[in-house]
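Spelled out, the chains give:
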Amino acid sequence: MMAFQHLARRAVLPGAAAAYLAANRDERYGTRCDVAPQQTETQTNNNGVAPKLETNTIPKKTNPILKAGMRPEEEGDYHGLFPKRQLFQPKVNYPMWDKNWDERMEPQSDDPAKSQRWIRKNGVTRHIILIRHGQYEEQHKEDHKKLLTRLGRQQAEFTGKRIAEMIKGVDEKFGPCNVKVLRVSDLARAKETADIIAAHLPGVERSDPDPLLNEGRPAHHIPCGHANKKSIETTDQGHPRIEKAFQKYFYRAPIPEVEEVETHVSPHEDGELKPHPKHEFEIIVCHANRIADPPRGVATSMHLQLFVNISNDTSDRNRFV
């Protein structure tokens, strides 16, 4: 039965992971389903107590990673796919959670559990709406000629109308959204998309176009084929900029110093709903690779792309929606 349970768990591993484990299996760390079971008689000592079984040697601990990212000092290649220096490495091993993922974690009291309860009650959650630009004319090399097609403009119109509905709200349960700002990359197709969306969002602040949000290659995808010279070069060029954009826009809200009493949506005296005080929204109009990077590999499509909820609660994993 035990062997069957091990086998059942192993059967659900992704194909790439299973292939890697099979190719790099170390006989010292085999599970019960790796070897045929052996029938042995239970041996006891003079007191009639079974002796402790010998365990395998525990691997030595490696030096801790101080910050998530690529390691320029690494040499060699990663399983023949791409340079090992271009492997993005998290600070902590999966499935552990990096509580200071944005490098903005504030010191907590001597009672962490109490601090987390206070943050969950009074902290603000930032919601980032990521939108890919509409369909555009891809045959041109010059950026100013890569404008939206008729379908692309329709896509932007529908997206703007949908977000306008979200901002307005429906009832006390699904109240209006407090959209703080609309951001956009510095490429023509994204700016045109943002202009169309903004026409449906009067009163929402517009930020200046940011080149950090431009299209680029943040990292190599796994599983993947052998990286060619061009993909290696574009990764070297794109990763530092895209990582800088991530650190600039994806972070938790500051912890409020004074406890706020109101924690739910309520109507004004005239019956109009007002936004929830514990939730803030931002919109970023950018590109496919940029959208896939913050959640580290989430597939996306056009229209309302993806919510990334960023909470002060260090146990919250909503960053990877």
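Look a little higher up for the structure.
Residues numbered from 1 in each chain as written. Predicted model: local features only at pLDDT ≥ 70, side-chain atom pairs only at ≥ 80, totals over all residues. Heavy atoms only, no water.

Draft legend 1. Spatial organisation of unusual backbone geometry. Tyr94 connects to Pro95 through a cis peptide bond whose omega is 5 degrees. Structurally, Pro95 can be placed in the loop between strand S2 (82-83) and helix H3 (112-122). With phi around 60 degrees, Glu103 is a residue other than glycine that occupies positive phi space. As for its placement among the helices and strands, Glu103 is situated in the loop between S2 and H3. (Helix = DSSP H or I, 4+ residues; strand = E, 2+ residues; numbered from the N terminus.)

Draft legend 2. Quick peek at the nonpolar core. Ile131, Leu182, Ile197, Leu201, Ile283 and Val285 are the most contacted members of the largest nonpolar core, which totals 17 residues. Among the elements of the structure, strand S3 (125-132), helix H4 (150-168), strand S4 (179-184), helix H5 (188-198) and strand S6 (279-286) are those that each provide at least two residues to this core. At 4 residues, the largest contribution of residues to this core is made by H5. Setting aside residues no more than four positions away along its own chain, Leu182 makes contact with Ala194, Ile197, Ala198, Leu201, Val204, Glu205, Arg206, Ser207, Ile283 and Val285. In terms of nonpolar packing, the next biggest core, distinct from the first, is built from 13 residues, Trp97, Leu212, Phe250 and Ile291 among them. (Core = buried A, V, L, I, M, F, W, Y, C linked by side-chain atoms within 4.5 Å. Buried < 20%, exposed > 50% of the residue type's maximum accessible area, 1.4 Å probe, protein only. Contact = heavy atoms within 4.5 Å.)

Draft legend 3. Up close: the pairing of S3. Taken across its 8 residues, S3 has 7 buried, putting it largely inside the fold. In terms of strand pairing, S3 meets S6 through 8 bridges, oriented parallel. From the neighbouring strand, Ile131 faces S6, where its bridge partner is Val285. (Pairing = 2+ DSSP bridges.)

Draft legend 4. Looking closely at the pattern of salt bridges. Scanning the model with the defined rule gives 12 salt bridges in all. Note that Glu282 and Arg183 form a salt bridge whose closest N and O atoms lie 3.1 Å from each other. One end of the pair, Glu282, is in strand S6; the other, Arg183, is in strand S4, with 99 residues separating them in the sequence. Residue Glu282 is classed as buried on the basis of its relative accessible area, which comes to 9%. Here the salt bridges do not stand alone but share partners, grouping Lys91, Asp98 and Glu103 into one network. (Salt bridge = Lys/Arg side-chain N within 4 Å of Asp/Glu carboxyl O.)

Draft legend 5. Examining the packing of aromatic side chains more closely. Per the stated rule, a full pass over the model turns up 3 aromatic pairs. Between Trp101 and Phe246, the aromatic rings sit 6.5 Å apart at their centres with planes inclined by 55 degrees, giving tilted as the arrangement. Residue Trp101 is located in the loop between S2 and H3, and its partner Phe246 is located in helix H6 (residues 229-249); the two are separated by 145 residues in the primary sequence. Judged by relative accessible area, Phe246 falls into the buried class, the value being 4%. Among the aromatic residues, those joined into a ring-pair cluster are Trp101, Phe246 and Phe250. Over the ring of Tyr251 we find Arg104, and its NZ or CZ is 4.0 Å from the ring centre. Here the basic side chain of Arg189 rests over the ring of Tyr136, its NZ or CZ set 4.5 Å away from the ring centre. (Phe/Tyr/Trp six-rings, centres within 6.5 Å; stacked < 30°, edge-to-face > 60°. Lys NZ or Arg CZ within 6 Å of the ring centre and 35° of its normal.)

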